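Observations on chain architecture
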Amino acid sequence: QVQLDESGGGLVQAEGSLRLSCAASGRTFSNYGMGWFRQAPGKEREFVAFISQSGGSTTYADSVKGRFTISRDNAKNTVYLQMNSLKPEDTAVYYCAARMWGRYEYWGQGTQVTVSS
């Protein structure tokens, strides 16, 4: 079992920045690839970014490429999402998730990000 706890969400003006954190506990954090997802009101949850177990490989949704950066610190059991140049359409609940063997097995409760225009 892996417990995931997101933090760092809040209200920010357009073009501002936020850094989300996701702290993991339980099983060995470095065994899991980690992803960030988001869900806006009335929309389905969508992929935002992924980082491999070692941090050597990352993937981003086209909508956030060049603005968001995913990183991890395996010594601190934490994955981060640095979000710059935020847009109102980035408003959503952001979730982190732990992936093994291609399947996201564990999810956090989410943190709200609201971007005002």
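Read on for a plain summary of the structure. (Residues numbered from 1 in each chain as written. Predicted model: local features only at pLDDT ≥ 70, side-chain atom pairs only at ≥ 80, totals over all residues. Heavy atoms only, no water.)

**A look at the environment of Gln112**
Within the secondary structure, Gln112 is located in strand 11 (residues 111-116). Each C-alpha atom of the pair Gln112 and Trp101 lies 28 Å from the other, and the pair is 11 residues apart in sequence. Not counting residues within four places of it along the chain, the set of residues in contact with Gln112 comprises Gly9, Gly10, Thr91, Ala92 and Val93. A polar contact of 3.4 Å, which involves the side chain of Gln112, links it to the backbone oxygen of Ala92. Among the polar contacts listed, one links the side chain of Gln112 to the side chain of Thr114, at a separation of 3.3 Å. (Helix = DSSP H or I, 4+ residues; strand = E, 2+ residues; numbered from the N terminus. Contact = heavy atoms within 4.5 Å. Polar contact = N/O pair within 3.5 Å; in protein donor to acceptor, adjacent residues only side chain to side chain.)

**What about the side chain of Ser21?**
Tracing the sequence through the fold places Ser21 in strand 3 (residues 18-26). Among the residues examined, Ser21 registers a relative accessible area of 16% and is labelled buried. Those residues in contact with Ser21 that sit more than four places away from it in its chain are Asp5, Glu6, Ser7, Trp36, Thr78, Val79 and Tyr80. (Buried < 20%, exposed > 50% of the residue type's maximum accessible area, 1.4 Å probe, protein only.)

**Considering the state of the cysteines**
Here the structure, examined in full by the defined rule, presents one disulfide. Across the disulfide, Cys22 is cross-linked to Cys96 (sulfur-sulfur distance 2.0 Å). Sign of the S-S torsion, about 55° for the bond between Cys22 and Cys96, identifies this disulfide as right-handed. Note that Cys22 is positioned in strand 3 and Cys96 in strand 9 (residues 92-100), a separation of 74 residues in sequence. Comparing Cys22 with Cys96 shows no difference in burial state: the two are buried. (Disulfide = S-S within 2.5 Å.)

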